[in-house]
Structures are given as structure tokens and as C-alpha cells.
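Per-entry structural report
Listed here are the chains, written in short residue letters.
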Amino acid sequence: MTVPPPNAGATPLPHPVTGQSFVSPVPPGTGWPGDPSAPDTPVATDTQSVVDLAADCADLEDLQARVGMCRACPRLLAWREQVAVHKRAAYADEPYWGRPVPPFGDPAARVLVVGLAPAAHGGNRTGRMFTGDRSGDWLYAALHRAGYANQPDSRAAGDGLALAGARIVAAARCAPPRNVLTAQERATCAPWLRRELELLTPGLTAILALGGVGWDALLRVTDDLGWQRPKPRPRFGHGAVAALRPPGRAPVRLVGSYHVSQQNTFTGRLTASMLDEVCSALEGQISSEA
Ligand code: SF4
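Overview of the structure. (Residues numbered from 1 in each chain as written. Predicted model: local features only at pLDDT ≥ 70, side-chain atom pairs only at ≥ 80, totals over all residues.)

1. Observations regarding unusual backbone geometry
- Across the junction of S24 and P25, the peptide omega takes the value -10°, indicating a cis bond.
- Along the chain, the position of P25 falls in the loop between β2 (21–22) and α1 (47–55).
- Residue P232 follows K231 across a cis peptide bond; omega there is 0°.
- The residue P232 is located in the loop between α7 (211–224) and β7 (241–244) in this model.
- Notably, F130 is not glycine yet its phi reads approximately 50°, a positive angle.
- With respect to the element layout, F130 can be found in the loop between α4 (123–126) and α5 (134–145).
- Using a count of 27 C-beta atoms within 10 Å as the deciding quantity, one classes F130 as buried.
- Despite not being glycine, N179 has its phi angle at roughly 60°, a positive value.
- Position of N179 among the secondary structure elements: in the loop between β5 (166–170) and α6 (183–200).
- A count of 15 C-beta atoms within 10 Å places N179 in the partly exposed class. (Helix = DSSP H or I, 4+ residues; strand = E, 2+ residues; numbered from the N terminus. Buried ≥ 20, exposed ≤ 12 C-beta atoms within 10 Å, placed from the backbone.)

2. Some remarks on the nonpolar core
- Judged by nonpolar contacts, the single largest core of 85 residues is most densely connected at V111, L112, V114, A171, I207, L208 and L218.
- The residues touching V111, leaving out its near neighbours within four places in the chain, are Y148, G165, A166, T205, A206, L208 and L282. (Core = buried A, V, L, I, M, F, W, Y, C linked by C-beta atoms within 7 Å. Contact = placed C-beta atoms within 7 Å.)

3. Overview of the pairing of β7
- Residues of β7 alternate between two faces, with A242 and L244 buried on one and V241 and A243 left unburied on the opposite face.
- Relative to strand β8 (residues 252–257), β7 runs antiparallel, the two being bridged by four bridges. The partner of A243 across the bridge, within β8, is R253. (Pairing = 2+ DSSP bridges.)

4. So, the packing of α1 against α6
- Between α1 and α6, the least distance of the axes is 8 Å, while the angle of their chain directions is 5°. Overall, the two elements α1 and α6 adopt an arrangement that is roughly parallel. Taken together, the residues of α6 that come into contact with α1 (itself represented by T47, V50, V51, A54 and A55) are T188, P191, W192, R194 and R195.
- For the contact of α1 with α6, a count of residues per class yields six nonpolar, two polar and two charged. (Axes fitted to C-alpha atoms, helices over the stretch in contact; angles between N-to-C directions. Parallel < 35°, antiparallel > 145°, perpendicular 65-115°, else oblique. Nonpolar A, V, L, I, M, F, W, Y, C, P; charged D, E, K, R; others polar.)

5. As for the environment of V241
- For V241, the location among the structural elements is in strand β7.
- Along the primary structure V241 and R66 are separated by 175 residues, whereas in three dimensions their C-alpha atoms are 32 Å apart.
- Sequence-distant contacts of V241, defined by excluding residues within four places in its chain, comprise R253, L254, V255 and A281.

6. Focus on the pairing of β8
- With six of its six residues buried, β8 lies for the most part within the structure.
- Side chains of β8 alternate between two faces, with V252, L254 and G256 and R253, V255 and S257 buried alike.
- Here strand β6 (residues 206–210) pairs with β8 via five bridges, running parallel. Bridge pairing in β8 links L210 to S257.

As C-alpha cells, then:
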């Protein structure tokens with residue numbers, strides 16, 4: 001990556017759908033489609049403030065807004081903004097979101113999809129989960145076939161995509177260098193996922209974990225929340241299923257899937273029919289024995 005000219009991100013560029021111009025990273029409350037944050041949204045700046053601000057979220061809208069402003073991980077903050085300024089050559093004429101990518105989808109979801117982290121030139125560019133890259137093409141096509149998405153493609157925020165009954169989050173909400181998160185970054189971001197689960201739990205019936213990192217992050221949080229689970233700890237695998245039981249609630253079905261990364265889809269390790277099978281498994285009945 002070459003060094004950009006000074007203030008390269010300060011040059012406003014038109015959004016690919018709306019045509020409105022934005023600097024990169026995008027300031028909150030300036031009109032980006034789906035931006036949940038405002039200039040006065042509280043900002044988490046360290047591990048403890050993530051804990052405090054996540055626990056204090058009144059609802060999912062509040063949670064989305066606070067996630068979209070988080071600055072708690074110095075390495076990820078620097079990377080997401082550096083990428084937003086440098087850009088990839090193919091997107092040099094577009095503004096980059098360059099902020100944490102908030103949860104996307106139905107606030108009354110019965111199915112939660114948990115991924116790893118946004119891609120540097122996918123979600124970090126478009127500001128929406130799995131949007132603007134090949135991973136999203138695979139995931140949203142599968143969700144469309146399964147009846148959760150109103151369209152099979154996901155090009156940019158503001159393209160009309162909507163989810164019904166499903167919601168998508170990541171174990172960490174900022175793009176990491178080389179797609180690798182540190183243990184500290186995963187732990188720092190966990191309270192956002194924890195609060196998401198608390199707010200969704202009354203209606204949640206299934207969770208689709210994409211990849212072992214999403215699976216492990218999810219189980220760490222549900223353990224922390226006191227959800228019952230099988231012992232020994234369920235192991236990740238494509239098609240793996242486990243019953244989790246939130247205290248006083250009906251079981252939630254956890255389903256594992258290979259991640260929709262290009263590494264998996266290009267090599268045929270994950271096929272469209274395999275994705276369809278795990279989506280079908282989300283709606284299956286599960287034993288009341290957790
Ligand atoms: S990864 Fe999570 S905790 Fe870290 S800065 Fe991004 S949103 Fe905040």
C-alpha cells in the first residue's frame with residue numbers, strides 16, 4: 001500500500017447509490033444510508049467504556065448507534081481509517097465508511113448470523129455487513145433462497161436490501177489487518193455481542209455461526225450470559241448443531257457453517273447447496289434438553 005497524499009480522505013466522493021458526497025472515513029449523522037449514529041452518540045474509547053456503554057444500551061437501535069462510533073481498539077481504529085483513506089484502486093472514486101460496521105437486519109429477528117469481522121474493502125467500505133464483496137454475494141444469495149432476504153445481492157448501503165427474521169453481526173465490528181483479530185480485540189468487542197444477544201433473546205430461535213471464530217465468540221458470550229449448553233463444549237464444524245438454553249427461555253439452536261470467505265467458496269470447500277442445508281437447519285426443531 002502506498003502512502004496517500006495528505007488529507008486524501010478529506011476529498012468528498014459520491015456515494016455509489018445516492019450520489020451524495022462524503023469524506024472518508026464518513027462522519028456520523030451526515031446522511032450515509034443506514035448510518036445509525038449521530039454526532040452526539042456516546043463513544044467507547046477503551047475496553048471498560050465498551051463494557052459500560054454496551055450494558056447501558058436501551059434497545060437495538062441504541063446499540064447500533066454506539067457500535068458505529070466505537071474507538072476502543074487502537075490497532076483496528078488505525079487500520080480501518082488507513083484503508084478508508086488509501087482505498088483499493090477499483091474503489092478509488094468511492095467514499096469509504098471507515099468506521100465499525102453495525103449489526104444489520106431485522107430487530108425482531110429469530111435468526112442471528114455471527115461472522116468474523118468486516119472485510120477491509122467490503123463492509124469497511126460500504127458500512128454494511130457482508131456488503132460489497134464476494135462473501136456477501138454468497139451469504140445474501142443463500143439468505144434470499146431461504147426467505148430471509150428480499151434480494152440476492154448486496155452491493156452498497158441504500159441498495160434496497162432488507163432482511164426479515166434475520167440479523168447479521170460480527171464477532172468484531174472493525175476490519176482487522178490480514179483478517180486476523182487478536183485475543184484482546186475479540187475480548188474487547190464481546191460486550192457488544194453480549195448486549196445484542198440480551199436484547200434479541202426473547203424472540204431468538206437460532207444462531208448461524210460462520211466459521212470457528214464466530215462459533216467460539218458466540219459460545220464465550222453465551223457462557224458469560226449463563227446459557228446452558230452441552231458438555232463437553234460443542235465443537236465447530238460445518239453442519240454442527242447444538243442446543244443452547246438462555247435462562248428461563250426455550251432452547252436456541254446453534255448451527256455451524258464454514259465461513260463464506262473466498263478461500264472457502266473459490267476452492268469448493270463451501271458450496272451453495274451446503275449453505276442451503278445449514279440455512280434449512282436453522283428452522284428445525286430442537287430437543288428441549290440443552
Ligand atoms: S472491534 Fe469492536 S471494540 Fe474494537 S474498536 Fe471495533 S467496534 Fe470497538
